[in-house]
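# A look at the structure
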Amino acid sequence: MARGFVTAEEVAKRAGVSRSAVSRTFTPGASVSQAVRRKVLKAARELGYRVNRLAQGLNNDRSNLIGVVGANLSSPFISKQLDLLSIGLLRQGLQCLLLNAADARKDIAPLIELLFEFRAQAIVVLSGEPPESIVDQCIANGVRLILINQKLDRTDTSMVLSDDSRGADLAALRLIEAQCKKVAVVSSGSQTPAQVRRATAFKQKMATAGIDVVAWSGGPTSYESGYQAGCEVLKDQAIDGAFCVTDLLALGFLDAARTEMQRRIPADLSVVGFDDIPQASWKSYELTTVAQSFTALTDHVLAALESDDAETRLQVVPVAMVERKTARR
């Protein structure tokens, strides 16, 4: 029968010191003599003792946990974000407590309430918009709330946004440069705020240029949805350009264009994506896309965690066009 973790009491008994001496030894800045410290550390090594950081945090009424809430965690964009964010948190001595919001539909409030029970010191929301009541509870409990690519009309919440409108303008200008006459804009059925901003700005820019736009949306934000869009949209032979509001949609769209609709890329059809996920640079795609910096997104989140400013910190991450091989020159 497996035994439990070694306790501080067992370490104290082995070292011949008090329980409080063990606690002070493993508490940064606490007062303990060198002789006692050596005894405690020796006993801890012999017994294989590890500090219970969760209990330690609860005793201080605040853990070192950072709650991270997001859906569609398997998507390349979200997984890259999580990779960089979790590494950054560890380097700051913080731990990432990840909650999958895939089953929460549009209401992520229960997940955020769960993070209160773990005494998380901050909550990062990768996707989904928290209701006003939850935002108020975060503020009341001194829990910093950081939203990525979500924008609330408040003055007490940190937000990190990519410059979606500028990115959509760059995509539109690139398709205009490719001399496209009729274009499609492809979104998923999830209609996230970021996707809506991108599609809206793109259509406005194209309208100004006098270029016809066909809008398509449906399904989750996935390769399969992009593939479906390509099969349906490209039945119109006049369409010679497309802006997919995420790269994942664009990859599916490209494969449908090539394999199902026999379109040559970029001779017959120019395609521009958004995000610059790692797969966009794969040799089989070499997608021309609008890049938002994953590093900048992560750096802004980590800076917000360190800030003592109670006011909103709205940080806009700049974007840039990455030229590859899916848009005509």
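Data block above holds the structure.
First, a word on scope: everything that follows refers to the structure included in this document. (Residues numbered from 1 in each chain as written. Predicted model: local features only at pLDDT ≥ 70, side-chain atom pairs only at ≥ 80, totals over all residues. Heavy atoms only, no water.)

## Brief notes about the overall build of the protein chain
Each helix and strand in the protein chain was counted, giving twelve helices and twelve strands. Rg of the C-alpha trace for the protein chain: 25 Å, well past the compact-globule value of 20 Å for 329 residues, more than 25% over. Projecting the C-alpha coordinates of the protein chain onto the three principal axes gives extents of approximately 85 × 40 × 35 Å. Across the 329 residues in the protein chain, those meeting the buried criterion constitute 48%. As presented, the protein chain carries roughly 16000 Å² of accessible surface, and 51% of it is formed by carbon and sulfur atoms. (Helix = DSSP H or I, 4+ residues; strand = E, 2+ residues; numbered from the N terminus. Rg over C-alpha atoms; globule rule 2.2 N^0.38 Å. Buried < 20%, exposed > 50% of the residue type's maximum accessible area, 1.4 Å probe, protein only. Areas by Shrake-Rupley, 256 points an atom, 1.4 Å probe, with all protein chains shown as cover.)

## Things to note about the packing of helix α5 (residues 76-91) against helix α12 (residues 294-306)
Describing two packed helices takes the angle between their axes plus the distance from one axis to the other. At a minimum axis separation of 10 Å, α5 and α12 run at an interaxial angle of 45°. Classified by the angle between their axes, α5 and α12 sit oblique to one another. The handedness of the crossing between α5 and α12 comes out as right-handed. Judged by residue contacts, F77, K80, Q81, L84, L85, G88 and L89 of α5 engage F294, T295, L297, T298, V301, L302 and L305 from α12. (Axes fitted to C-alpha atoms, helices over the stretch in contact; angles between N-to-C directions. Parallel < 35°, antiparallel > 145°, perpendicular 65-115°, else oblique. Left-handed = near helix turned anticlockwise from the far one by under 90°. Contact = heavy atoms within 4.5 Å.)

## Focus: the sheet that holds strand β8 (residues 241-244)
Pairing within the open sheet is mixed, and its six strands lie in the order β7-β6-β8-β9-β10-β12. Looking at the sheet topology across the chains shown, the edges are occupied by β7 (212-217) and β12 (319-322). Each neighbouring strand pair of the sheet contributes to a mean axis angle of 20°, computed without reference to strand direction. Direction of pairing for β8 relative to strand β9 (residues 270-275): parallel, over a ladder of three bridges. Across the sheet, A242 pairs through a bridge with V271, a residue of β9. (Pairing = 2+ DSSP bridges.)

## Notes on the packing of aromatic side chains
On inspection of all chains with the given rule, the structure shows four aromatic pairs. Seen from their ring centres, F202 and F243 are 4.9 Å apart, and the 35° between their planes marks the pair as tilted. Linking F202 in helix α9 (residues 193-209) with F243 in strand β8, this pair joins segments that are 41 residues apart in sequence. Pair check on accessibility: F202 and F243 agree, each one buried. Note that R198 overlies the ring of F274, its terminal NZ or CZ placed 3.7 Å from the centroid. (Phe/Tyr/Trp six-rings, centres within 6.5 Å; stacked < 30°, edge-to-face > 60°. Lys NZ or Arg CZ within 6 Å of the ring centre and 35° of its normal.)

## Brief notes about empty space enclosed by the protein
Applying the stated criterion across every chain, the model contains one cavity of 30 Å³ or more. Of the volumes computed, that of the largest cavity is approximately 50 Å³. Around the largest cavity sit Q81, L85, I148, L297, T298 and V301, which together line it. Every element with two or more residues in the lining of the largest cavity is listed here: α5 and α12. When residues in the lining of the largest cavity are grouped by element, the largest group, three residues, is from α12. When the residues that make up the lining of the largest cavity are grouped by side-chain class, the tally is four nonpolar, two polar and no charged. (1 Å grid on protein atoms, 1.4 Å probe; cavity = no way out; pocket = protein on both sides within 12 Å on 5 of 7 lines; lining within 4 Å. Points joined across faces, edges and corners; volume = space filled by probe spheres on them. Nonpolar A, V, L, I, M, F, W, Y, C, P; charged D, E, K, R; others polar.)

Function-wise, these values are silent; they only describe arrangement.
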